[in-house]
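Chain and residue survey
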Amino acid sequence: MKMMITFQNKLVPVYFTTENKQPTQKVLRILTSTLEHKINKGKNALKKCLSTLISIEIKGSEAILHSFSENDTLALSLY
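The model shown is predicted, which means the values in this text are computed figures rather than measured ones.

As for the pattern of salt bridges
Going through the model one piece at a time under the given rule, you end up with 1 salt bridge. One salt bridge in this structure joins Lys 59 and Glu 57, with 3.5 Å as the shortest N-O distance. Residue classification places Lys 59 among the partly exposed residues on the basis of a relative accessible area of 41%. Under the relative-accessibility criterion, Glu 57 is labelled partly exposed at 24%.

Dropping the structure here:
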């Protein structure tokens, strides 16, 4: 399933796998609050990934953050 979120004034696609047990809206709420927290207080590597974010893939309780550079792609735990 694919949904869109707004992060730093741009639309970012979020892809879900069918194995997620949590309701979609709850996962999106947790994801957006985590991303906002990380952009403000995260380390430089995470901020670099978030500044070039192109898509997010949710697998279970992890968010895979895909950026323009493959080297900047990170995994982030949501729970």
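After that view, the rundown keeps rolling.
Some details on the packing of helix 1 (residues 24-41) against helix 2 (residues 44-51)
The contact between helix 1 and helix 2 brings their axes to 8 Å, and the two run at 125°. Considering their axes alone, helix 1 and helix 2 lie oblique with respect to each other. Judged by the twist between their axes, the crossing of helix 1 over helix 2 is left-handed. Where helix 1 abuts helix 2, its residues Leu 35, Lys 38, Ile 39 and Asn 40 lie against Leu 46, Lys 47 and Leu 50. Along the lines of polarity and charge, the residues of the contact of helix 1 with helix 2 split into 4 nonpolar, 1 polar and 2 charged.

Calculation notes
- Residues numbered from 1 in each chain as written.
- Predicted model: local features only at pLDDT ≥ 70, side-chain atom pairs only at ≥ 80, totals over all residues.
- Heavy atoms only, no water.
- Salt bridge = Lys/Arg side-chain N within 4 Å of Asp/Glu carboxyl O.
- Buried < 20%, exposed > 50% of the residue type's maximum accessible area, 1.4 Å probe, protein only.
- Axes fitted to C-alpha atoms, helices over the stretch in contact; angles between N-to-C directions.
- Helix = DSSP H or I, 4+ residues; strand = E, 2+ residues; numbered from the N terminus.
- Parallel < 35°, antiparallel > 145°, perpendicular 65-115°, else oblique.
- Left-handed = near helix turned anticlockwise from the far one by under 90°.
- Contact = heavy atoms within 4.5 Å.
- Nonpolar A, V, L, I, M, F, W, Y, C, P; charged D, E, K, R; others polar.

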